[in-house]
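Structure at a glance
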Amino acid sequence: MTTHTTAAGPATRVTVPFTEYRALTLDAAAWRLLNTSPHVAELLAEWIEWDRRRTLRETSNAVSAAADWRALAAAPTYAELACRRAVVTRPALTPRQIREQAATSWARVEAWIATREAA
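Figured I'd write up the structure that's included with this text.

Thresholds, definitions, all that
- Residues numbered from 1 in each chain as written.
- Predicted model: local features only at pLDDT ≥ 70, side-chain atom pairs only at ≥ 80, totals over all residues.
- Heavy atoms only, no water.
- Helix = DSSP H or I, 4+ residues; strand = E, 2+ residues; numbered from the N terminus.
- Rg over C-alpha atoms; globule rule 2.2 N^0.38 Å.
- Buried < 20%, exposed > 50% of the residue type's maximum accessible area, 1.4 Å probe, protein only.
- Areas by Shrake-Rupley, 256 points an atom, 1.4 Å probe, with all protein chains shown as cover.
- Lys, Arg positive; Asp, Glu negative; His and termini not counted.
- Charge placed at Lys NZ, Arg CZ, Asp CG, Glu CD.
- Salt bridge = Lys/Arg side-chain N within 4 Å of Asp/Glu carboxyl O.
- Polar contact = N/O pair within 3.5 Å; in protein donor to acceptor, adjacent residues only side chain to side chain.

**Some points on the overall build of the chain**
Looking only at helices and strands, the chain features five helices and two strands. Mapped from its N terminus to its C terminus, the chain presents α and β elements in the order β-β-α-α-α-α-α. Here the C-alpha radius of gyration of the chain, 37 Å, is well above what a compact globule of 119 residues would show, namely 14 Å. For the chain, the spread of C-alpha atoms along the three principal axes comes to 100 × 45 × 25 Å. By residue count, 3% of the 119 residues in the chain fall in the buried class. Surface exposure of the chain reaches about 11,000 Å², of which carbon and sulfur atoms provide 63%. One way to put it: in the chain the 15 positive side-chain charges average out to a point 7 Å from where the 12 negative ones average out.

What follows is the structure in structure tokens.
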């Protein structure tokens, strides 16, 4: 029998029969040898890539399911918006007209504030 004492925490003794200890060391050696194999490294790399693509596909499917595609399809594209902006829908205002519109707008805001304060 072999006795092993752990370094962390209180001293704990674990007793393992020699045949089991020998089987564990052989198993560990086999895993170390397996990990050094270039074939296993290639298989692991392929599996990691497969898992990355699977996760990406699932995420993409979840995003697609969450989006309201009818609303997105109805939204204009940037090119469509640029075309709309290029079309003149009303004549250009003069600086005096812009100032008059701003003054009228502020007068409406001040009137609304006055009615709120009176209430």
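**Points about the pattern of salt bridges**
Within this structure, the stated rule accounts for six salt bridges. Residue Arg 54 pairs with Glu 58 through a salt bridge whose shortest N-O separation is 3.1 Å. Taken as a pair, Arg 54 and Glu 58 lie in helix H2 (residues 38–66) at a separation of four residues, close to a single helical turn. Look at Arg 54 and you get partly exposed, because its relative accessible area is 24%. Under the relative-accessibility criterion, Glu 58 is labelled partly exposed at 45%. With a shortest N-O distance of 3.1 Å, Arg 84 and Glu 80 are connected by a salt bridge.

**Looking at the side chain of Ser 37**
Topologically, Ser 37 is positioned in the loop between helix H1 (18–35) and H2. For Ser 37, a relative accessible area of 18% gives the class buried. A polar side-chain atom of Ser 37 sits 3.3 Å from the main-chain amide nitrogen of His 39.

In short, geometric facts, not functional conclusions.
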